[in-house]
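Report on the structure
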Amino acid sequence: MSKPVVLIAEELSPATVEALGPDFEVRSCDGADRAQLLPALADADAVLIRSATKMDAEAIGAARRLKVIARAGVGLDNVDVPAATQAGVMVVNAPQSNIVSAAELAVGLLIASARNIVPANAALRAGEWKRSKYSGAEIYDKVLGVVGLGRIGVLVAQRLSAFGMRVIAYDPYVQAPRAAQIGVRLVSLDELLAESDFISVHLPKTPETVGLIGAEALRKVKPTARIINAARGGIVDEAALYDALAEKRIAGAGLDVFAKEPCTDSPLFGLDTVVATPHLGASTDEAQEKAGIAVARSVRLALAGELVPDAVNVQGGVIAEDVRPGLPLAERLGRIFTALAGGVAARIDVEVRGEIAAHDVSVLELAALKGVFSDVVEESVSYVNAPLLAKERGVEVALLTSADSPDHRNLLTVRGTLPTGDVVSVSGTLIGPKRIEKLVEVDGFDIDLVPTEHMLFFRYHDKPRVVGSVGRLIGDAGINIGGMQVSRDEKGGHALMALTVDSAVPAAVVSEIAAQIGAHSGRAVDLED
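As a starting point, this report considers the structure included with it. (Residues numbered from 1 in each chain as written. Predicted model: local features only at pLDDT ≥ 70, side-chain atom pairs only at ≥ 80, totals over all residues. Heavy atoms only, no water.)

**Focus on the sheet that holds strand E18 (residues 445–449)**
An order of E14-E13-E15-E16-E17-E18 is seen for the six strands of this open sheet, with the pairing classed as mixed. Because the sheet does not close on itself, it has two edges, and the strands there are strand E14 (396–402) and E18. Recorded for the sheet is a direction-independent mean angle of 20° between the axes of neighbouring strands. Here six bridges tie strand E15 (residues 410–417) to strand E16 (residues 423–431), and the two strands are oriented antiparallel to one another. Residue pairing in the sheet places Gly416 in a bridge with Val424 of E16. Helix H13 (residues 326–341) contacts strand E13 (347–354), E15, E16 and strand E17 (436–442) of the sheet and is inclined by roughly 155° relative to E16. (Pairing = 2+ DSSP bridges. Helix = DSSP H or I, 4+ residues; strand = E, 2+ residues; numbered from the N terminus. Axes fitted to C-alpha atoms, helices over the stretch in contact; angles between N-to-C directions. Contact = heavy atoms within 4.5 Å.)

So this is what it looks like as structure tokens:
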């Protein structure tokens, strides 16, 4: 069998290829060259990129086999995540890979700004000895204002606390006790602007944060304050910052990011009070190696059909070991449900009972939905786009959990209400050390059946000679029966017959059997991939 194709579209560390291992065919191209990229994507199962490759709707559309886009870094500005989600393509990044490098660069920019290192260096290289002109400021006992107390903001706070700085922070999503644990006092943004001697920005770029440090904010800071932005361009309004610096309303700035990149021409670059670098936050050998290794591991997981903790467009995260064996069962139950329902439900409940309900079992909901839609839609269904498919079809989905499971250690149920009001349900469990799959309930009838690729289910009124008629008709069609069970609510009442067979049963044969036994419904389930 051919190996899955992993396309490396930009230069990554040798450790990245090593982390992928021998199970893939690794190819390379210049992702910034569309003429190279689009044909190379045609038979790729995964693509690894950095910032120069644009995985937009066109590129995703050209990659019919693509299962995962892996960004060796944090930012995803060059990936059309909605288009990837629609196509069922997982998008992963390496959110932890560059946090130390980014934090260290912010600290470096702050110190360089405080001590005028860059202009002093330039003057000396030009043959000028200007000690008095480039006198700076100590950072000891000064107030550092951290805007955004996420992973990088925390690292900056910790490092500059060691320099003797007093740290305050603004972050509406962090609780005061959490900030206090790292020696940080939470304040409002206005308080931070007024009190800080140095302001370091560590926020994501969102519609709410763009221009957050703008003209109004800069009018509230001390004239001796310095602004550092090594987060995302546009959070600090560059025009407003230039005006504040030119008018000496603030003392300096350190910038690694810009509203439009690459940025090689800005009025800010003409000011001695500005230290600027070309988005070097993640540009260390260590960060690049960490990012490459992290996304290589994510690609291995994704191409193995597993969820990835760093996937940005998949609900759920790390899967508990007790939950993982239930994923194939949940998907199988979803497929059986769809076959029994004969159409799309108006509402689907995924119910998880027993010991595993103590864990995060949201991934089982995803697996069940993947099964529900796998035999319904033409496009590939994955953990990524299954919730989107449900939403597009107006299907209400709920995950129900309970530690109470009287008859089984753990029980998974997919239950759906059809537009007609009818309810269809199918339940399963895992038995013994080998975790053997068992169907234990269908539409309220108790059964004990190992699911196979081909199954039949008939609902009918309990009466004599039904079993013999079904056996004869299936035999006449040249199909061998592997197993058969009959369950009924009472003698002469409603009954369910479940059969496993060795090959697919044509729809005409199912219809003939249903007519012969007077069945309310007859359904064939075929689980072949």
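**Section: the pairing of strand E2 (residues 25–28)**
The side chains of a regular strand alternate, residue by residue, between the two faces of the sheet. Where strand E1 (residues 5–8) lies against E2, four bridges are found, and the strand directions are parallel. Directly across from Val5, in E2, lies its bridge partner Glu25. What joins E1 to E2 is helix H1 (residues 14–20), and the crossover it makes is right-handed. (Right-handed = clockwise from strand over helix to strand, strands pointing away.)

**Brief notes about the environment of His279**
Inspection of the secondary structure puts His279 in the loop between strand E12 (274–276) and helix H12 (285–303). His279 sits in the partly exposed class, given a relative accessible area of 32%. For the pair His279 and Ala230, spaced 49 residues apart in sequence, the C-alpha separation works out to 7.7 Å. Apart from the residues within four sequence positions on either side, His279 is in contact with Arg232, Asp256, Val257 and Glu261. (Buried < 20%, exposed > 50% of the residue type's maximum accessible area, 1.4 Å probe, protein only.)

**Remarks on unusual backbone geometry**
Cis peptide bonds are those with omega within 30 degrees of zero, and the linkage from Glu261 to Pro262 qualifies with 0°. Despite not being glycine, Lys248 has its phi angle at roughly 60°, a positive value. By relative accessible area, which is 68% here, Lys248 ends up exposed. A positive phi angle, close to 55°, is found at Arg435, a residue other than glycine. Relative to the elements of secondary structure, Arg435 occurs in the loop between E16 and E17.

**Overview of the packing of aromatic side chains**
With the rule as written, the count across this model stands at one aromatic pair. Residues Phe258 and Phe269 carry aromatic rings whose centres are separated by 5.7 Å and whose planes lie at 90° to one another, so their mutual orientation is edge-to-face. Pair noted here: Phe258 is in the loop between strand E11 (252–255) and E12 and Phe269 is in the loop between E11 and E12, with a separation of 11 residues, a long-range link. Residue classification places Phe258 among the buried positions, given a relative accessible area of 6%. Here Phe269 falls in the partly exposed class, since its relative accessible area comes to 34%. (Phe/Tyr/Trp six-rings, centres within 6.5 Å; stacked < 30°, edge-to-face > 60°.)

**Examining a negative patch on the surface**
Taken together, the side chains of Glu18, Glu104, Asp285, Glu286 and Glu289 present a region of like negative charge at the surface. The dominant element in the negative patch, judged by the number of residues it contributes, is H12, at three residues. Structurally, the position occupied by Asp285 is in helix H12. (Patch = residues over 30% accessible without salt bridge, like charges linked within 9 Å, V, L, I, M, F, W, Y side chains within 5 Å. Areas by Shrake-Rupley, 256 points an atom, 1.4 Å probe, with all protein chains shown as cover. Salt bridge = Lys/Arg side-chain N within 4 Å of Asp/Glu carboxyl O. Lys, Arg positive; Asp, Glu negative; His and termini not counted. Charge placed at Lys NZ, Arg CZ, Asp CG, Glu CD.)

**A short note on empty space enclosed by the protein**
Tallying each qualifying case throughout the model produces two cavities of 30 Å³ or more. Roughly 50 Å³ of internal volume is contained in the largest cavity. Lining the largest cavity we find Ala112, Ser113, Asn116, Pro119, Arg226, Ala251, Gly252, Asp272, Thr273 and Val275. Class assignment of the residues belonging to the lining of the largest cavity gives a composition of four nonpolar, four polar and two charged. Estimated volume of the second largest cavity: approximately 30 Å³. For the second largest cavity, the full set of lining residues is Thr338, Gly343, Val344, Ala345, Ile348, Val372, Phe373 and Val376. Broken down by class, the residue content of the lining of the second largest cavity amounts to six nonpolar, two polar and no charged. (1 Å grid on protein atoms, 1.4 Å probe; cavity = no way out; pocket = protein on both sides within 12 Å on 5 of 7 lines; lining within 4 Å. Points joined across faces, edges and corners; volume = space filled by probe spheres on them. Nonpolar A, V, L, I, M, F, W, Y, C, P; charged D, E, K, R; others polar.)

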